Amino acid sequence: MSVSSPPKTDTLLPHTTPKPDATPKQLVTAALVAAAWLVIALLYLAGVAYVVPPLLLVATAALLRGGRTVLDRIMLATGLLLGLTCLGALVFAVWPWGLHPVTAGGTAATALILAAAKTGRRPRLPRLGPTDAVAALAVAAVGAIVAWPLLRDGRTGRLAQVMEGEDLARHAALFDAIRHAGGYLFQHPGQGRTLVYEGMVSYPQGSHLTAALLDGFARSSAVDMGTGTGMFDHYLAFVTGGYLLLVATLVWAAQWIGAGGLTPARTAVLAAGIAGLCAFGELLDLVRFGYPSQVLGLVEALMLLAVLVRPVPRPRQQLLLVAALLAAVGFTYYLYLPPIGLAAILWLMRERRNHRMRRIPAVALAIAVTSAVPLAIGVLVAGQTGALLSVGSLRVGREGLAVLLCVVASSMLTGRGRRSRIWRSYALTFVPVAGFAVGMLAVQRVFGSGSGYYANKALFLVLVLLIAGVGALALHLPRRPLGSPHLRAASVLMAIVALIGGERAGDQRDHLDTQRTWLAGAAADQVAYARAALALAPGAPAVVIGDDPGYDSYRLTLFISTLHRTSGEMAGATYHIGPINSPDRLDAVVVRMPGPMRLLALTDDAYTRAEALRDRHPAVAIDVVRP
């Protein structure tokens, strides 16, 4: 009986194993992605898409690690999302959906779900604690002071309140143009020049892009841009929110850096002092004169400096945060990129001794390199370096800086301060920031004249870094307070910080001028200008003629062009045509106007001059109107 042998196999053929079907984990991930897109789409259709950004923020915070409080997680997540939004917008400008809330929100949710699946992390947040409540109360207090004058006097008072500086008109026009273009204007230069002044096409647009993206969620629409006045109201809300984010960042950074010496009681006094600085000090000028890009740039730069001083414990997460915040600063306000970039390089050189930091992920490196794109465009294409010697009225009070510097430095020179790795890192980080500001001031003194506009903006970064360092005052106190005398001592030391809020910029004639002006409301002439701007119905481009030397009329013209969305159409007749107070300026404006126009005469004398101007240019269709 023979036993049959098994069939021979061809040993030359490769052995193949059937690929398994998708694993349960992959199926769950795909289901979660589909569910996220469905939920976001339903929220959008229901008109409540405004809940999506907070949900994404909390989800991001729950996936991050590091920090002991909810505030820590929220701030780290905010910094990460700001940077990734600025980078993701490069794609938004070229894909067919632009800034559509569903596609933007769905893409962000997909990235979070895939990151959770890749890392195996489950969403987890620390428990709410007293320091979280302290920070929330500090921000709420400043918010009440900042927002009340904008809400109290209605739309007319609101517009009058923010018309003190002309910059806000250009920023609002840029925000509106980005919504219409669906992305960065430097990626749509042709369309951008039809919407805004050409100089704004290459201006760093991270803050405007972020606000435009959030506005789509707020309106639950990708196509509803609102009226011009409604658009401006929305933008003012984002401007106010940006300043409150700066307040939150200052409170958080001070706690993050000085955590080792801060008890809940000390944290409360510290937060109260910082709130006083933000509510009564010169930082409020950034809202009053309309510098929203600088405000958000300070937020991002300070976040980055804080995590350089005290890194999060996970090296790859730290590198991603550093890279994302570099990108955020580069796209939002690249004036601060050189000092914080140097600070990041110094930190990396020091940390490379750690074997866990020897390999830099390619993604983090690519993000960091991309952060310099707006700077390269501004310097190499738009030739913006000449503006560095500009002269302006914005000025940081040197006395306040000196007091803060002495307070922080004297604390760091204590035995505990010298032994602390965190405070040594703070000192190392402070060097490039202060060195950059001093260098800007020196260049201004040698080649410029007067108070350097951008040199003082560089000093604002020094100011916020010093405010974030006031937690060093706790180095003078015992690690654990023994009783009420120590709490009183802490209160006295921290009160020094609040007193610095009285240090005002400029000639120091009135330390509380900014706060009194803000709470009292706009002056009567500003209210009259705002009323005239709002009373003029949209139509042909309008140029204002008043009895002032020229600047007030020019500024009101800018705001009207923003409200009527004629900034791009009027750009050629608004900029680079001689001094604002020149007697021949209005004739040059009329000659360069591309089509029919209106002359808004604010007074009887102005009406007479407007009619004479119209008679001198019979070939131009000019309509003279009164408010």
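These lines cover the structure that appears in this document, whether it is placed above or below. Here the structure is a predicted model, which means the values were calculated and not measured. (Residues numbered from 1 in each chain as written. Predicted model: local features only at pLDDT ≥ 70, side-chain atom pairs only at ≥ 80, totals over all residues. Heavy atoms only, no water.)

Some points on empty space enclosed by the protein
Move 1: Applying the stated rule across the entire model yields six cavities of 30 Å³ or more.
Move 2: The volume enclosed by the largest cavity comes to roughly 110 Å³.
Move 3: In this structure, the largest cavity is lined by 14 residues; those nearest its centre are R170, L558, S561, S567 and Y575.
Move 4: Elements with a contribution of two residues or more to the lining of the largest cavity: α7 (167-181), α26 (551-563) and α27 (567-570).
Move 5: Broken down by element, the lining of the largest cavity gets its largest block of residues, four residues, from α26. (1 Å grid on protein atoms, 1.4 Å probe; cavity = no way out; pocket = protein on both sides within 12 Å on 5 of 7 lines; lining within 4 Å. Points joined across faces, edges and corners; volume = space filled by probe spheres on them. Helix = DSSP H or I, 4+ residues; strand = E, 2+ residues; numbered from the N terminus.)

Some details on the nonpolar core
Move 1: Ranked by size, the top nonpolar core spans 179 residues in total, and within it Y243, W252, L283 and Y426 carry the most contacts.
Move 2: Considering every element that reaches this core, the biggest residue donor is helix α11 (residues 228-257), with 16 residues.
Move 3: If we skip the residues at most four places from it in the chain, Y426 touches I257, V309, V408, M412, L465, L466 and G469.
Move 4: V543, V590, A606 and V624 belong to the second-largest nonpolar core, a separate cluster that totals 16 residues. (Core = buried A, V, L, I, M, F, W, Y, C linked by side-chain atoms within 4.5 Å. Buried < 20%, exposed > 50% of the residue type's maximum accessible area, 1.4 Å probe, protein only. Contact = heavy atoms within 4.5 Å.)

Structural notes on the pairing of strand β2 (residues 597-601)
Move 1: The buried count for β2 comes to five of five residues, which makes it a mostly enclosed element.
Move 2: What you see with β2 is no split at all: M597, L599 and A601 on one side and R598 and L600 on the other are buried throughout.
Move 3: Summarising the sheet, strand β1 (residues 542-545) and β2 pair through four bridges and their orientation is parallel. In the strand pairing of β2, V543 is matched with L599.
Move 4: Once you follow β2 into helix α29 (residues 604-616) and on to strand β3 (residues 622-625), the crossover reads as right-handed. (Pairing = 2+ DSSP bridges. Right-handed = clockwise from strand over helix to strand, strands pointing away.)

A closer look at the pattern of salt bridges
Oppositely charged side chains are able to pair whenever their charged atoms sit close together.
Move 1: According to the stated counting rule, one finds 15 salt bridges in the structure shown.
Move 2: Between R565 and D176 there is a salt bridge, with the nearest N and O atoms lying 2.7 Å from each other. You can see R565 sitting in the loop between α26 and α27 and its partner D176 sitting in helix α7, a full 389 residues away along the chain.
Move 3: Judged by relative accessible area, which is 33%, R565 ranks as partly exposed.
Move 4: The buried category is assigned to D176, whose relative accessible area is 6%.
Move 5: For the salt bridge of D604 with R626, the shortest nitrogen-to-oxygen distance reads 2.7 Å. Note that D604 is positioned in helix α29 and R626 in the segment after β3, a separation of 22 residues in sequence.
Move 6: Assessed through its relative accessible area of 56%, D604 is described here as exposed.
Move 7: Residues participating in the shared-partner salt-bridge network are R155, R158 and D233. (Salt bridge = Lys/Arg side-chain N within 4 Å of Asp/Glu carboxyl O.)

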